[in-house]
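Remarks on the overall topology
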Amino acid sequence: MITARSKLSSPTMILRAPLVALAASVALFASPAQAQFPTTPPPPAPIRPTRLPPIREATLPNGVHLLVVESHKLPVLSVNMAFRAGDFTNPAGKEGLAGMTAALLTKGGGGRTAEQVSEAIEGVGGTIGAGTGPDVLSVNVNGLSSDKDLIFGLLGDAVARPAFDQKEVDLARTQLLSALRLQNSNPSAIGARIFNRALYGSLPYGKSSTPASVQAITRDDILGFYRDRVRPRGALLVVAGDIDLATATRLANAAFKGWTGAPVAPPALGTPVAPAKTEIILVDRPSSVQANILVGYPAFTAADPRQYALTVADRVLGGGAHARLFTILREQKSWTYGSYSSVSDVRGVGDFTAAVQARNDVADSALVELLAQMNRLRTEPISAQEFADAKNAITGSYPLDLETARQLAAAIANARLNGLPADYVTTYRNRIAAVTPAAVQSAVKAVVRPNAALVVVVGDASVLRDRLAKIAPVRVVTPDGTPAVAATPAAGATGAASAASPPQVDASKLVASTDSSTILLQGNPFGSSVKQLQRSADSITVTERVVLGPVMNQTTNITFSPKGDVRTVTQRGSVQGTPTKIDATYANGRVKGSATTVGQSGVRNITFDTTVVAGTVDENAVGSLVPALPWSKTASFSIPVFSPGEGVARTFTMKVTGTQSVTVPAGTFDTYVVEMSGGQLPVMFYITSAAPYRIVKTAPVGPPLEIVLVR
Amino acid sequence: MAISPLACSAFPVVRRSLAVIAVAAALAAPLAAQKPAPIAFDSYTLPNGLKVILAEDHTAPVVAIDVTYNVGSRNEQPGRTGFAHLFEHMMFEGSAHVKKGEHMGLLETAGSSAFNGSTIEDRTNYYEPLPSNRLNLGLWLEADRMRSLDITDEKFHNQREAVKEERRLRVDNQPYTKVIFEEGYKAIDSATCWPYSHSIIGSMADLDAAKTSDVQQFFHTYYAPNNATLVITGDFQPADAKKLVAQYFGDIPRAAPPPIPQCTPSFDAGARRERIADAKATLPAVMKYYTIPSYDSPDYPALELLATIVGRGQSSRLNRALAREQKVALQTQVFVDPFGPRRGPGPFVFLSVANNGVSIDTLDARLTDQIAQLAANGVSDEELTKAKNIWRAQAINERSRAMSLAQAIQRANLFLGSPDRLDSDFDRYAAVSAADIKRVASTYLRPSNSYTFIDAAEAAK
C-alpha cells in the first residue's frame, strides 16, 4: 500500500480562512452539555493497570518449570522453552557452538526431517524457531490451540529428540559462517564485537564467534553441548494462550518422555572492570568514508533496582528522534543520519552505550560531543519536560509491547531468566513512573565515569588516528582485534598490514588455458564467464568475458610481464545499458589511468596517477594469479592490491581456512577453501589442492551468487 | 459479460449417504470449531454522518484508532489522478492546533510508534495504536485534522515533491514495480470502468498541473465526517469514548454526499499482451493479469485460497513445477488485489521471473500451461486444507492486536457492508470446496480474460 510520512521541519503555520459553516446540526448525542473542542492536546488520563492473565505454575517430574499464561481470548497457543545455555556458555575456541546447537534443534528430530518439520508447522499456519542470546537458548513454536498436540510434539522433538543429522550440521555451519562473514563486513557489528571484547575480556560475555571457531565445531561438540546444557532440570517452559495448566502439563510430560537430567553448572559471568582512563580502540577499516563510533561504560545487572532510573536516562539521551543525541548530532549539526543510546538487558553486568555513525571529517567532533552528552547526564539535572516525555514514552509503549499472549510469554521468560522478581512485568510501568530526577542522576553517576570511557571507532585509521589521538590515547587494531602495524598514510595507499605475508608468484605456473564458468543466482544459471590465458615470448595475456543476464557485461584484457607483474588492464563493458571502462598502466612503481564505473550513486568518472607498493596486483588480476601462488593447507597471503574502479589501494588477505570436496559441472575436486577479505565483500574461493591450482568455485559472502567451473 | 454470482453454501447439509456426511463433517467440523469468539460491536452514527464502531477488549491496556475516509484513487477524475494519495501526505502537515511535525512527535512521546496512513483504490485510512490512557490524544489529533487541515501553497508544493520522490524510489527504482504500480491497471477496461483503471500514485503531469485550490476542493468534498468511519478497539470505557467522540467530532460540519464512482466490470476482453521496457529488470519477468470480481463476490474466497495454493512459498505448486522441476523460473509469486480489497474488478496476478538463458516467451508458455492445468484439473483436498489453515491462522492472528483488529473491522465494514461480516468470514472461507477452486480457475484464469506483460530490460526482445 502506498503510505506517507510527513517531513519534519521547523513549523510556520499559516492559519487559513475559516470554513464556511454549513447548516450543521449541533444537536448533541444524548449526554450532558458538550465541552468545547480543546485547542491544545488533551493531557494523559490516569494509566490503566496492566492486568496479566492468570499465571499458573508447576514443576514437572523432570524438573522443568512450567508457567501457563492462560488466555482464551483467541484460539492460539504459543510455547517458549528457555535454557540458561546462551552464548555465554560457549567454550573457548568454539564460540558459536550454542547458537549452532540451537539452530539445529528444529532441523529434524523425533522421526521427522528438517523439511518435514517445516511442512508440518506451515501446513497448519504456524511457526517454529530457535536461537540464542547472550544468556538464553530458546525454542518457540506457535499456532492455533486446536493444533496443541502437534505444537507440543514438535517442541518435544526439538528439545528431547533432536537428530543433529550430519547433513544439517554441515548446512548450519555453512550458513553460520556466511552470516558471520557478512556481519563482519558490517562496521557496526565489528565495533560491537570489539567493544564487548574490550569490556569483558575473557569473561563469558566478551567472547564472540569467528570463522575459525565455527569451523572448529564438530557434530560431537554439538552432541556434547546438547547433552551438557539442554536438559530439563531448571529449564523454563512458558505456555501462553488458549490452554489450561492441566492440559499443558499432560502434553509437556508426553512431549518430554524419556528426557531427563540436569545441566552442568554454567560458567560464572564475572564482573567486568571499567577502564582506568579513556582509551580509543581504533579498528582499521581502510577506505571507509565514515566512522562508526561507540562509547560506553559497564553498568548494572538486569535485576539491579537502579536499572529503571538508568533506562529513563537512556531515553533522554538517545531514545529516539526527540532525544538529545538525535537532536544535537543530526538536527542541529548535520553530522549524521542518526545517533542513539542503549542500556543492555542481561543477567550479568551489562553496559550503557551511545553510538553515532559520522563522516570522517567530523568524527572527532562527534566523539567529543557523545562523551560530553553522556557526562552531562551526571552533572546537570534533566529538565522537567524532557523527564516527563521520556517516562511517558517508556510507560506508553510498554503495554503495546505486551499485547499478545506470545509477547507476554517471551517477556515473562526473559524476566525470569534474568533473575528478576516475579512481579517485574506487572509493576514495570509503575516503577518507571516513580523514578525521580535524583535517582537518575545517582544511577548515571554510578555508571558514567568521567575520563574513563571505553571508546571503539571503526574507520580508516590513516585518516582518523591523528585526529582522535588529540582526544585520548589511540590503539589501532585490525577487525580481528589484533594490534595493527601503524599505517603510514601515503597518497592512494591505505590499509593495515596483516599478519600474513606477500606471496611469491611463480609465473611458470601460468599456462595457456581457457576456463568457462557459469554464474548461478540462487542456484539458477544467470550468467557466464570465459577466461583465456595466452603466453608469448615477452608477455602473458588474460582475456575475460563476463555476462550477467541482461544487467551487466564486460571484457577485461590484462597483460603481465613474463614474471607475472601486471602491466596493463583494459576493461570495457556496460551495466544496465550504461557504458563502463577501465584503463590502467603499471610501470616503475606507479599506476596511471582512468575509470568510468556505475555504482549506487550513479556513474562515476575518476583518474589516478599514484605510487603503489612493490608487488601491487590490479584487483581485476588477482584471480588470474591464483595458479601461480604457493598454496598449502596453512597458506595465508597478504596481497597489496590497487582497485582502478575506485582509485584506491587496499590489502587483500587470502587465507586457507580448510579443505573441502566440491562438485561443479566440470567435475569433483578436492579443494582448499580460501577466504579472501579486504574488498567490499568477503569472497570464498575453492581452489584445487593439487597443481595446477584452478578456481573451481567462487562465492561472494552474502548474495546468493556462485561461479562454478564448467570446463 | 456478467459473471453470474454462484451460491456459496455454508455447511453442506447432506442427507444422501453416511460417507458423504462423514467427509463433510471431517472437512467442516474441525474448521468450524476453530473460530474465535464473535466480536461484540457497538455501532452508531453521529448527526453529522460520522459512523463510529466500537469494539471493547480489556485484555491489555491498549487502544487503537483507525479513521477511514471513503475516498481513494477510484474517486479521482481524468486529469486529476494522484490526489487521494497526495492527500494522505497533506494530512500529516499540520492543522489548526497542531504544528507541522507535531503530530508524530506527540504520538511518539505517548509511546506509539506503529502509527501511519495508507491510500488504496477504494479508501484512505489513518491509524494509531496507543496506551489506553492516551485515547483522548489520538482522537483529538484525528479530529483536528478532519476539521481544520491546513492546506497552503507551500505545503502542497512540498508534498508534491515528496510524492515524486516516493515514486522514484518505489516505482522507478525497482524491477517489476512499474507494472504493479502502473501498467497493470491497463488490464481493467478504462472505457467501462475508469475508476479502477488508473494507478494510485497517479500521473506526475496531473499533479504538476494541479493548483492548491483543487487540493482544497478535494478536502472539502471527501474529508468530511459523513464520508468517514471511526473505529476504536481495545481498553476503553464506552461511555468515556462516546463522550470524547462527541466532544471532538460532533460539531464538524457535514459536506454534501460525494459522487459515487461509476464502474461496470467487464471480463473476457480478449487476450492482450504488451512488452514493457524496464531498465531495472535484472532478469525478465512475465506478469499475467486476470480480471476478477470485487472483494464481496461469492467467488472471492476461492480465488484468494487459489492464490495461496499456487504461489505461496517454496513448496507451492508453481514454485515446485517451474522453479525446481523445469528450472525455467527463478521464482513465482501469485497475488490478488496487490494494494487491498476493492468494490470493483481487480487483478489476479502471476509474476514469474525467468532464469537466465530461458526465453521469456518459453516461460510464458510454461506458465500458461500450468494455469490451464489448474482450470482443467483443479487442486487436491490436501492443498486446499493447507491453504485454509494458513488463511484461518492469519484471520485469527489479526485479532490478537487492537491495531490490526481495528483495520480488519474497517475492511469488513467498507467492503462487506458491516463489521459483523468479520466473524461470518470464517464460514465463508471454510465452505470453499475443491470444486469451487476448479470452477473459479476455469472461469477467471482463461486466456480471454488475461493481460500479459513481458517486463524486460530490453523491450524489443
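Quantities reported herein were computed from a predicted structural model and do not represent experimental measurements.

The next thing to look at is the overall build of chain A. Tallying secondary structure elements over chain A gives 17 helices and 30 strands in all. Overall, the C-alpha framework of chain A stretches about 100 × 70 × 65 Å when taken along its three principal axes. For chain A, the residues scored as buried account for 49% of the 711 residues in total. As presented, chain A carries roughly 30700 Å² of accessible surface, and 55% of it is formed by carbon and sulfur atoms. Within chain A, the 51 negative side-chain charges are centred at a point lying 2 Å from the centre of the 65 positive side-chain charges.

Residues and elements named next belong to chain A. Residue placement: V349 occurs in the loop between strand 12 (339–343) and strand 13 (351–359). Since its relative accessible area comes to 15%, V349 is described here as buried. On a C-alpha basis, the gap between V349 and A303 in space is 9.5 Å, while along the polypeptide they are 46 residues apart.

Our focus in this paragraph is the state of the cysteines. All names here are of chain B. For the coordinates displayed, the defined rule picks out 1 disulfide over all chains. C193 shares a disulfide with C263; S-S distance 2.1 Å. Taking the sign of the torsion about the S-S bond as the criterion, the disulfide between C193 and C263, at about -95°, is left-handed. A residue pair is termed long-range when its members are at least 10 positions apart, and C193 in the loop between helix 6 (177–181) and helix 7 (204–209) and C263 in the loop between helix 9 (238–249) and strand 7 (272–277) qualify at 70 residues. Exposure remark for C263: the relative accessible area of 25% places this residue in the partly exposed category.

A separate point is the packing of helix 2 (residues 83–90) of chain B against helix 5 (residues 153–172) of chain B. Residues and elements named next belong to chain B. Between helix 2 and helix 5, the least distance of the axes is 9 Å, while the angle of their chain directions is 115°. Here helix 2 runs over helix 5; the crossing is right-handed. Note on element contacts: helix 5 touches helix 2 through K155, F156, Q159, R160, A162, V163 and E166, opposite H85, L86, H89 and M90. Broken down by class, the residue content of the contact of helix 2 with helix 5 amounts to 5 nonpolar, 3 polar and 3 charged.

It is worth spelling out the domain arrangement of chain B at this point. All names here are of chain B. Here the domain parsing of chain B yields domain 1 (19–249) and domain 2 (272–460). Of note, the centres of domain 1 and domain 2, computed from C-alpha atoms alone, are 25 Å apart. With 52 residues of domain 1 at the interface, the matching set in domain 2 holds 51 residues. Summing both partners gives a buried area of about 4100 Å² for domain 1 against domain 2, and 65% of it is carried by carbon and sulfur. Run the count over domain 1 and domain 2 and you get 4 salt bridges. Counting across the interface, domain 1 meets domain 2 through 16 residue pairs in polar contact (both at pLDDT 80 or more). Looking at which element gives the most residues to the side of domain 1 that touches domain 2, the answer is strand 3 (residues 62–69), with 7 residues. Of the residues belonging to the side of domain 1 that touches domain 2, the class tally is 30 nonpolar, 10 polar and 12 charged.

Before going further, it helps to spend a moment on the side chain of S71(A). Position of S71(A) relative to the elements: it lies in the loop between strand 3 (65–70) and strand 4 (76–83). Once you skip the residues sitting within four places of it in the chain, S71(A) turns out to touch P53(A), G241(A) and D242(A).

The next thing to look at is the pairing of strand 10 (residues 279–284) of chain A. Residues and elements named next belong to chain A. With 5 of 6 residues buried, strand 10 is to be regarded as a mostly interior element. Sheet topology places strand 10 next to strand 14 (residues 454–459); 6 bridges connect them, and they run parallel. Residue pairing for strand 14: D284 is matched across the bridge by G459. With 4 bridges joining them, strand 10 and strand 15 (residues 474–477) adopt parallel strand pairing. Bridging from a neighbouring strand, L282 pairs with V476 of strand 15.

Next up on the list: the domain arrangement of chain A. All names here are of chain A. Splitting chain A by domain gives domain 1 (55–255), domain 2 (279–477) and domain 3 (507–566 + 615–709). Look at where the C-alpha atoms of domain 1 and domain 3 centre, and you get two points 39 Å apart. Each partner contributes to the interface: domain 1 provides 6 residues, whereas domain 3 provides 7 residues. Approximately 530 Å² of surface area, both sides summed, lies buried where domain 1 meets domain 3, with 63% of it carried by carbon and sulfur atoms.

A word on the interface of chain B and chain A. Across the contact, 99 residues belong to chain B and 73 residues belong to chain A. The junction of chain B with chain A conceals about 7500 Å² of combined surface from both sides, 59% of it contributed by carbon and sulfur atoms. If you look at where chain B meets chain A, you find 3 salt bridges. For the salt bridge of K73(A) with D57(B), the shortest nitrogen-to-oxygen distance reads 2.7 Å. The interface formed by chain B and chain A holds 13 residue pairs in polar contact (both at pLDDT 80 or more) in total. For the side of chain B that touches chain A, the per-class residue count stands at 43 nonpolar, 33 polar and 23 charged.

Residue and element names in this part refer to chain A. Applying the stated rule across the entire model yields 50 salt bridges over all chains. One salt bridge connects D157 with R112, and the closest N-O pair in it is separated by 3.4 Å. With D157 in helix 3 (residues 148–160) and R112 in strand 6 (residues 112–113), this pair connects stretches of sequence that are 45 residues apart. Here R572 ties to D583 by a salt bridge, and the two come within 3.1 Å at their closest N and O atoms. Residue R572 is found in strand 20 (residues 566–575), and its partner D583 is found in strand 21 (residues 578–587); the two are separated by 11 residues along the sequence. Since its relative accessible area comes to 40%, R572 is described here as partly exposed.

Criteria and thresholds
- Residues numbered from 1 in each chain as written.
- Chains lettered and ligands numbered in written order.
- Predicted model: local features only at pLDDT ≥ 70, side-chain atom pairs only at ≥ 80, totals over all residues.
- Heavy atoms only, no water.
- Helix = DSSP H or I, 4+ residues; strand = E, 2+ residues; numbered from the N terminus.
- Buried < 20%, exposed > 50% of the residue type's maximum accessible area, 1.4 Å probe, protein only.
- Areas by Shrake-Rupley, 256 points an atom, 1.4 Å probe, with all protein chains shown as cover.
- Lys, Arg positive; Asp, Glu negative; His and termini not counted.
- Charge placed at Lys NZ, Arg CZ, Asp CG, Glu CD.
- Disulfide = S-S within 2.5 Å.
- Axes fitted to C-alpha atoms, helices over the stretch in contact; angles between N-to-C directions.
- Left-handed = near helix turned anticlockwise from the far one by under 90°.
- Contact = heavy atoms within 4.5 Å.
- Nonpolar A, V, L, I, M, F, W, Y, C, P; charged D, E, K, R; others polar.
- Domains from an automatic or database assignment.
- Buried area = accessible area lost by both parts, 1.4 Å probe.
- Salt bridge = Lys/Arg side-chain N within 4 Å of Asp/Glu carboxyl O.
- Polar contact = N/O pair within 3.5 Å; in protein donor to acceptor, adjacent residues only side chain to side chain.
- Pairing = 2+ DSSP bridges.

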